[in-house]
Amino acid sequence: MRNAFLKLCCMMLLGIILLPKTLYTQEEFVAPSAKYITSIPFKILTGGIIIVNAKFDDKDDTLHFVFDTGSGGISLDSATTDKLKIPRVKSDKIVKGIAGNIQVDFAYDHTLHFYGLSVEHLDFHINNYDILTASYGIRIDGIIGYSFLRRYIVMINYDKHMMDIYSPGALDYPKGGYVLKPQFSTLARLDVNIQDNNRILTKYYFDTGAGLCMLLSEDLVQDSALFKKRRKFYPTQAEGLGGKKTMYLTYIKDIKVGPYRFKDVPVYVFDDTYKVTSYPQTGGLIGNDILRRFNIILNYPKQEIFIKPNKNFSDSFDYSYTGLGIYLINGAITITDIMKGSPAEKAGFKIGDVILGVGSNFSNNILAYKTLLQSARARLNIVIMREGDLMEIKLKVKSIY
């Protein structure tokens, strides 16, 4: 009798111990599934820059936006703002860029209309993107960043040039990829392992708006003695918020993103005067000439990024160097910058020369000309107009690797 009583007590005690766990499991919250909303086609420009089209409020104009995970908000070009007669509101807010800090106006509470999706209550800051328009040869009307990304799950398929938009919720990622766990504020900062003379692990901004592989802070490079002593650095320029910025082009022996490795990758090094990288918390950024090699799921609501290698994964890198800066100015592809000691200077180009043709291409398409100039070790015949005279100049494109 005593043994039976003890056995009953033990069974009751076991029930008391297990009961809370059983009830907790039964009442565990299950997030609703992410719901498909729409698919948005996009174009890819030099370096993998993504361009999406949208309409603003009730305006008929189709606008071109850079899809940029390196933007902490959403913005409109100042000329586009004036053209569409969008009211501006003065503010004391400062936007930080690689070439300067700019105080910006705002356009509050507007709507962007994509194919199958309208996004309401967006506050745009106003900036001047003339330099981006001149660089890419198409009107850049604005930049889409965190203000959009925080609301949705965005699947970027570089194979199909299609962007699928889902509502936040539970989502099963495809097989064969890898889930990154960046540190999030408004921008995602990702751990990337790089190696040359030394191997270092540092956080970098995940930046689809940067048309390059990686941009490294000069402070990071110096503090870590990253590069081998005999490595050559080539002066060049890049466009960004605030204007142009002098940088140096070289390559790095090894980059590892998640489990995926890339060898001998071109990188830029710059003096981070305006502290856009917040070094030492962040060493620079990883750009879209790396990121376009994956199909990507941006799951900002869950603070995850999924990457899976696509058909671009094994594309060769661009090791070309000319030292030539060209922009579309008043319909003419004009040379505005020539780096000292560069192949362009040695070939005899002058600032103000207008490029009429590269090789057999006379399309007056700046992106086509830039693609031809990215042929390392190529010898190109370039037809120019200089002060009313036609000339042909032979340019030998240098390889940095």
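For the structure, check the block above.
Please read these numbers as outputs of a predicted model, since none were measured by experiment.

### Regarding a nonpolar patch on the surface
On the surface, L356, F362 and L390 cluster together into a nonpolar patch covering about 310 Å² of accessible area. You can see L356 is positioned in strand β27 (residues 354–358).

### Some details on a positive patch on the surface
Taken together, the side chains of K232, K346, R377, R379, K396 and K398 make up a positively charged region of the molecular surface. Inspection of the secondary structure puts K398 in strand β30 (residues 398–399).

### Some points on the environment of G323
With respect to the helices and strands, the residue G323 is situated in the loop between β24 (320–321) and β25 (324–329). A residue is classified by how much of its surface remains accessible, and G323, at 6% relative accessible area, is buried. C-alpha separation for the pair G323 and K340, spaced 17 residues apart in sequence, amounts to 7.8 Å. Once you skip the residues sitting within four places of it in the chain, G323 turns out to touch D337, I338, M339, S342 and A344.

### Regarding the pattern of salt bridges
Summed over the entire model, instances satisfying the criterion amount to 18 salt bridges. Taking the shortest distance from any N to any O, the salt bridge between D130 and R139 comes out at 3.2 Å. Here D130 falls in the partly exposed class, since its relative accessible area comes to 40%. R139 gets classed as partly exposed once you look at its relative accessible area, which sits at 30%. D315 serves as the salt-bridge partner of R292, at 3.2 Å between the closest nitrogen and oxygen. Of this pair, R292 sits in the loop between α6 (288–291) and β22 (294–299) while D315 sits in the loop between β23 (304–309) and β24, placing them 23 residues apart in sequence.

### Structural notes on the pairing of strand β28 (residues 379–386)
Pairing of β27 with β28, which is carried by 4 bridges, proceeds in the antiparallel orientation. In the sheet register, V358 faces β28, and the bridge partner there is I382. When β28 meets strand β29 (residues 389–396), the two strands line up antiparallel, connected through 8 bridges. Paired with I382 across the bridge in β29 is I393. Here β28 hands over to β29 after 2 residues, with E387 in that stretch at a positive phi of 50°.

### Some remarks on the side chain of E304
Among the secondary structure elements, E304 is positioned in strand β23. Assessed through its relative accessible area of 4%, E304 is described here as buried. Leaving out residues up to four positions away in the same chain, E304 has contacts with Y173, V179, L180, K181, P182, F184, I297, L298 and N299.

### Structural notes on the packing of aromatic side chains
Across all of its chains, the model carries 20 aromatic pairs by this definition. Taking 5.1 Å as the distance between ring centres and 5° as the angle between the ring planes, the aromatic pair formed by Y173 and F306 counts as stacked. Here the residue Y173 occupies a position in the loop between β12 (162–166) and β13 (178–180), and F306 occupies one in strand β23, the gap between them amounting to 133 residues. We note that Y173, like F306, is buried. Here a set of aromatic residues connected by ring pairs shows up, and it is made of Y260, F262, F294, F313 and F317. Over the ring of F106 we find K93; its NZ or CZ atom is 5.1 Å from the centre of that ring. Positioned above the aromatic ring of Y251 is the side chain of R231, whose terminal nitrogen or guanidinium carbon lies 4.1 Å from the ring centre.

### A word on the environment of A378
Residue placement: A378 occurs in the loop between α8 (366–373) and β28. Here the alpha-carbon distance between A378 and L117, two residues 261 residues apart in the chain, equals 45 Å.

How each quantity is defined
- Residues numbered from 1 in each chain as written.
- Predicted model: local features only at pLDDT ≥ 70, side-chain atom pairs only at ≥ 80, totals over all residues.
- Heavy atoms only, no water.
- Patch = residues over 30% accessible without salt bridge, like charges linked within 9 Å, V, L, I, M, F, W, Y side chains within 5 Å.
- Areas by Shrake-Rupley, 256 points an atom, 1.4 Å probe, with all protein chains shown as cover.
- Salt bridge = Lys/Arg side-chain N within 4 Å of Asp/Glu carboxyl O.
- Helix = DSSP H or I, 4+ residues; strand = E, 2+ residues; numbered from the N terminus.
- Lys, Arg positive; Asp, Glu negative; His and termini not counted.
- Charge placed at Lys NZ, Arg CZ, Asp CG, Glu CD.
- Buried < 20%, exposed > 50% of the residue type's maximum accessible area, 1.4 Å probe, protein only.
- Contact = heavy atoms within 4.5 Å.
- Pairing = 2+ DSSP bridges.
- Phe/Tyr/Trp six-rings, centres within 6.5 Å; stacked < 30°, edge-to-face > 60°.
- Lys NZ or Arg CZ within 6 Å of the ring centre and 35° of its normal.

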